[in-house]
Every structure is written in C-alpha cells, then in structure tokens.
Amino acid sequence: MAEQVALIDYGAGNLHSVHNALKAVGATVKVTADAKVVSAADRIVLPGVGAFKACADGLKAVPGMIEALRERVEIGGAPFLGICVGMQLLATRGLEHGSHKGLGWIPGEVRRNEPHDPAIKVPHMGWNDVAIMPHARGHQVIEEGEAYFLHSYHFVADDPYHVAALTDHGEGLVAAVSRGNIAGVQFHPEKSQAYGLETLERFLAWRP
C-alpha cells in the first residue's frame, strides 16, 4: 500500500500548490486538519505562509494537532518536512511582533532579515542559490540548487550543525535545517520548478 503523506491544513499554508506539487511527484496526499490522520500518516508536511505568530496560533488552535505531531514525529520518527513558515515553526521562538513560542524541535529563534547594506531589500524575494553546508553533504533531502524564496524573517539555529544549507541575501541566511527525521526548507519547493519537485521527490524517498 502506498505511503500516505499528511499535508496539514491549519489555515496558514499554500495548500493547493503544495498539494499539486506533491501529487506531481507521485505522493498519496491527504490534506487534513484531523490530528488522528496525522497520527497515522507515514510522512508529514507542514506548509506555512505569513507571520510566525499567526501560523503558530493557527496550529495550536487545531484540536490535538501539536500533541499528534510530537507523538508521530518526535517519538514515532515519521519523516517531516516544514516549508517556509512551517520550517520557522520548528524553532524555539519567533520574534515577529513580540516573542512567540514555536515547536522547539530545532533550538533557535526566528529573527527579522536585517542586511547591513540598505540597498538589499526586505523581504528576500525571488530565485537564489541553496548552498549545502559541509557537514550536510550527502543529505538525502537537501541538495545544492536554486530555489524560490519569499520571506522577511530567517531562522537562527543555536547549533550550527542543524543548519543544512544557506542562501545569500546581503548575508548568509538559513535555507534549510535538519535534525534526524526532521527537515525544513525556507524556500518554496512548490514554486521552485524542477529543483523544488526534486526536493519533494527526495523527501518521499527519505529513510532517516
């Protein structure tokens, strides 16, 4: 039987595009706001668009969802992919309009992009390189390439080893994080054409 991918619907994700991209690479996808479906899923994708607080509040508002995610991912070891703000929610906290608690699966915080050069625009928007960190070479999901980004805040990890890839927008910004069976990408695979689809294909094949 085909593995089932739970694509979490909590009112804060680009669900239609992510769903179509996953289907395009052969995934059996269930778009869901049901914690029971997440608890039974083989793989889990958490999208996210907008402000950290709004996304965190939306996820917490889904009955049993935080508990189901912890049980299935942190304890059960299901492969997990966070996309854009879905990646940022892995942090300990986000600092957009105050300090707001994240899932805390990858210690760190999400801070505003503040490039030293005033000519560098915020948000970071458009195509940019994904450069793999030396310790992450050979990662089964994250590879070198060029992806589409759109964000005004970036992930600052407490442990550099959790940073799988960087991009450059006036300074090095985290493009991907990874810890065990948990991965997150700041870019949008569903908008990143061939590279994005290949990233999702690798996620479906991942055996962490």
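Scroll up for the structure.
Here's what I pulled together on the structure shown here. Since the structure is predicted, the reported quantities are computational estimates derived from the model, not experimental observations. (Residues numbered from 1 in each chain as written. Predicted model: local features only at pLDDT ≥ 70, side-chain atom pairs only at ≥ 80, totals over all residues. Heavy atoms only, no water.)

### Examining the nonpolar core
For clarity, the threshold we go by: Buried Ala, Val, Leu, Ile, Met, Phe, Trp, Tyr and Cys residues that are joined via side-chain atoms within 4.5 Å together make up what is termed a nonpolar core. Here the term buried applies to any residue with accessible area under 20% of the maximum for its type, exposed to any over 50%, and partly exposed to those in between, with areas from a 1.4 Å probe on protein chains only. Strands here are runs of E lasting at least two residues and helices are runs of H or I lasting at least four, both read from the DSSP assignment and numbered beginning at the N terminus. Only heavy atoms enter the contact rule, under which two residues are in contact if any of them lie within 4.5 Å.
Leu59, Leu90 and Phe155 are the most contacted members of the largest nonpolar core, which has 68 residues in total. At 5 residues, helix 4 (residues 65-75) tops the list of elements feeding residues into this core. The contacts of Leu59, once residues within four sequence positions are left out, are Ile8, Tyr10, Leu46, Met65, Ile66, Leu69, Leu89 and Leu103.

### Some thoughts on the sheet that holds strand 6 (residues 100-101)
Defined as follows: Between any two strands, pairing holds if DSSP finds at least two bridges.
The strand order across the open sheet built from 4 strands is 6-5-7-10, with neighbouring strands paired in mixed fashion. Each edge of the open sheet is held by one strand with a lone partner, namely strand 6 and strand 10 (153-157). As defined by bridge partners, strand 5 (residues 93-94) adjoins strand 7 (residues 108-112) across 2 bridges and the pair is classed as parallel. The residue bridging Gly94 from the neighbouring strand is Val110, located in strand 7.

### Points about the pairing of strand 13 (residues 182-185)
A two-sided burial pattern is seen for strand 13, the buried positions comprising Ile182 and Gly184 on one face and Ala183 and Val185 on the other. Both strand 4 (residues 80-83) and strand 13 contribute to a ladder of 4 bridges, which runs parallel. Pairing of Phe80 across the sheet is with Ile182, part of strand 13. Relative to strand 13, strand 12 (residues 172-179) runs antiparallel, the two sharing 4 bridges. Residue pairing for strand 13: Ala176 is matched across the bridge by Val185. Counted between consecutive antiparallel strands, the loop separating strand 12 from strand 13 contains 2 residues, among which Gly180 sits at a positive phi close to 60°.

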